[in-house]
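If you want the building blocks of each chain, they are given just below.
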Amino acid sequence: MRKITAALAAAVLGAVTMTPATADGIPEFKNNRDMVGYFWNQVFNRHDPSVIDQMTGETYTQHSPGFADGKKAFRDGITGFLKEFPESSAEIKHIGADGDLVFIHNHIKLNPKDRGQAAVDIFRVRDGKIVEHWDVIQDIPEKAENPNTMF
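Everything numeric here is computed off the predicted structure, so don't read it as measured data.

### Section: the pattern of salt bridges
Counted by the stated rule, this structure contains eight salt bridges. Across the pair Arg-75 and Asp-53 runs a salt bridge whose closest N-O atoms are separated by 2.4 Å. Of the two residues, Arg-75 sits in helix 4 (residues 71-84) while Asp-53 sits in helix 3 (residues 51-55), which places them 22 residues apart along the sequence. Arg-75 gets classed as partly exposed once you look at its relative accessible area, which sits at 22%. For Arg-124, the salt bridge goes to Asp-100, with nearest N and O atoms at 3.1 Å. Taken as a pair, Arg-124 in strand 6 (residues 117-126) and Asp-100 in the loop between strand 4 (89-98) and strand 5 (101-109) lie far apart in primary sequence, 24 residues in all. Using a relative accessible area of 28% as the deciding quantity, one classes Asp-100 as partly exposed. Here the salt bridges share partners, and the residues they tie into one network are Asp-53, Lys-72, Arg-75 and Asp-76.

Below, the structure is given as structure tokens:
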């Protein structure tokens, strides 16, 4: 099997631009968009919640009603979710940034056969750490009134 180059790995993980890893193994990023994209893919597609400890701030404010505030509550909730849904994925369809906010439009699936949900997650980044999160989630219907996708 061929070695995956850093550039190919970046493309696979959502086209983030990375520089060499820091001492804790997390790459250094050129911008908030790339950092949050990497974080998202590590947690929700590679199923590695350990990056939550390294990439979120000591204060982590949660606006999603399914999670309590704090880094530990977020990590524990995500760990439980990933155990319950080991085939889950959350493919980034669009990602953008405005100052300290990063927006991810994504397709959440609990397993490969799941129609899934369309979601927008918003993260606030401060001093290189994710410190706040909001989300809006909508089920993907079996039938739509128009021929457009939700992505």
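Moving on from the coordinates now.
### Some details on unusual backbone geometry
Even without a glycine there, the phi angle at His-47 is positive, about 55°. The partly exposed category is assigned to His-47, whose relative accessible area is 23%. Phi is positive for Asp-127, which is not a glycine, with a value near 55°. With respect to the helices and strands, Asp-127 occurs in the loop between strand 6 and strand 7 (129-139).

### Brief notes about the packing of aromatic side chains
For the coordinates displayed, the defined rule picks out eight aromatic pairs. With a centroid separation of 4.4 Å and an interplanar angle of 40°, the aromatic rings of Trp-40 and Phe-44 are classed as tilted. Linking Trp-40 with Phe-44, this pair stays in helix 2 (residues 32-45), spanning four residues, or about one helical turn. Here the aromatic residues Phe-39, Trp-40, Phe-44, Tyr-60, Phe-67, Phe-74 and Phe-123 are joined through ring pairs into a cluster of three or more. One cation-aromatic arrangement involves Lys-93 over Phe-151; the distance from NZ or CZ to the ring centre is 5.4 Å.

### Some thoughts on the environment of Phe-85
For Phe-85, the location among the structural elements is in the loop between helix 4 and strand 4. Taking the C-alpha atoms as reference points, Phe-85 and Asn-111, separated by 26 residues in sequence, lie 7.2 Å from one another. Leaving out residues up to four positions away in the same chain, Phe-85 has contacts with His-47 and Leu-110.

Calculation notes
Residues numbered from 1 in each chain as written. Predicted model: local features only at pLDDT ≥ 70, side-chain atom pairs only at ≥ 80, totals over all residues. Heavy atoms only, no water. Salt bridge = Lys/Arg side-chain N within 4 Å of Asp/Glu carboxyl O. Helix = DSSP H or I, 4+ residues; strand = E, 2+ residues; numbered from the N terminus. Buried < 20%, exposed > 50% of the residue type's maximum accessible area, 1.4 Å probe, protein only. Phe/Tyr/Trp six-rings, centres within 6.5 Å; stacked < 30°, edge-to-face > 60°. Lys NZ or Arg CZ within 6 Å of the ring centre and 35° of its normal. Contact = heavy atoms within 4.5 Å.

Everything listed is a geometric property; what it means functionally is a separate question.
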